[in-house]
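Residue-level listing of the chains:
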Amino acid sequence: MTRLDDPMALPQGDVRLLETDVAQRLLHSTELARVAYVAKDGTPRVFPMLFHWNGSEIVLSTFGGSKVNALRVRPDIAITIDAATTPPSVLLIRGKAEVTDVEGIVEEYAAAQRRYGGEEQAAANIAAVDRPGIRMVRIAVRPTWVGVLDFVTRFPGGTTPEEFAQRGQ
């Protein structure tokens, strides 16, 4: 992907926002993805997870449980990856979760472990769970809606820097 020179040229929701410097920085960062979904009881849930960006999908890996069961029923998902900097950087993604059972360690789980903890820590974390018969779940999300906020060129509500500065006055 080529990065965009003018991120303001695209409206919030355009998947080409994934090409912006802010999005690329966050997709390759060690920030956690905050994943929102609707539980089986109809209530919203959010959980933080390590993730791996493969260039077209955000891949989350887990060992099953209620969130996986809920995503199989209601695959709509929202993901936020943000950096608590000043000004903050925020990547907002929506899509549908594709849930796949995997025998063994999910490839992207190992890749995420390496990115977040380095080779030595990743090897230790993988060894701690890699046992005969281990099953994991791969949750792949291909973005269908993307938003970027950097509070320098892109602000909530699509406002200009001047309009944003006037809020609350």
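Not measured: the values here are computed from a predicted model.

A.B. asks: I'd love a proper account of the pattern of salt bridges, names of residues and values included.
C.D. replies: The tally for this structure, following the rule as stated, stands at 10 salt bridges. A salt bridge links Arg16 to Asp14; its shortest N-O distance comes to 2.8 Å. With a relative accessible area of 16%, Asp14 lands in the buried category.

A.B. asks: Residues and numbers for the packing of aromatic side chains, please.
C.D. replies: Between two aromatic rings, the relevant description is the distance of the centres plus the angle of the planes. In this structure the tally under the stated criterion is 3 aromatic pairs. For the ring pair Phe51 and Tyr116, a centre distance of 6.3 Å and an interplane angle of 80° mean the geometry is edge-to-face. Within this pair, whereas Phe51 is found in the loop between strand E2 (44-49) and strand E3 (52-53), its partner Tyr116 is found in helix H3 (residues 107-129), the two being separated by 65 residues in sequence. We note Lys67 situated over the ring of Phe47; from NZ or CZ to the ring centre the distance is 5.0 Å.

A.B. asks: Report on the sheet that holds E2, specifying residues and quantitative values.
C.D. replies: Taken in spatial order, the 7 strands of this open sheet run E2-E1-E5-E6-E7-E4-E3, and their pairing is antiparallel. Two strands lie at the open edges of the sheet, namely E2 and E3, each paired on one side alone. Pairing of strand E6 (residues 89-103) with strand E7 (residues 135-149) involves 14 bridges; the strand directions are antiparallel. When the sheet's bridge partners are listed, Val90 is paired in E7 with Leu149.

A.B. asks: How would you explain the nonpolar core if you had to name every residue and give the values?
C.D. replies: In terms of nonpolar packing, the biggest core is built from 33 residues, with Ile58, Leu60, Ile81, Leu91 and Ile139 touching the most fellow members. Broken down by element, the residue count for this core peaks at 5 residues, all from E7. Ile81 has contacts with Leu26, Leu27, Ser29, Glu31, Leu32, Ala33, Phe51, Ile58, Ser89, Val90 and Leu91, leaving out every residue within four places of it along the chain.

Calculation rules
Residues numbered from 1 in each chain as written. Predicted model: local features only at pLDDT ≥ 70, side-chain atom pairs only at ≥ 80, totals over all residues. Heavy atoms only, no water. Salt bridge = Lys/Arg side-chain N within 4 Å of Asp/Glu carboxyl O. Buried < 20%, exposed > 50% of the residue type's maximum accessible area, 1.4 Å probe, protein only. Phe/Tyr/Trp six-rings, centres within 6.5 Å; stacked < 30°, edge-to-face > 60°. Helix = DSSP H or I, 4+ residues; strand = E, 2+ residues; numbered from the N terminus. Lys NZ or Arg CZ within 6 Å of the ring centre and 35° of its normal. Pairing = 2+ DSSP bridges. Core = buried A, V, L, I, M, F, W, Y, C linked by side-chain atoms within 4.5 Å. Contact = heavy atoms within 4.5 Å.

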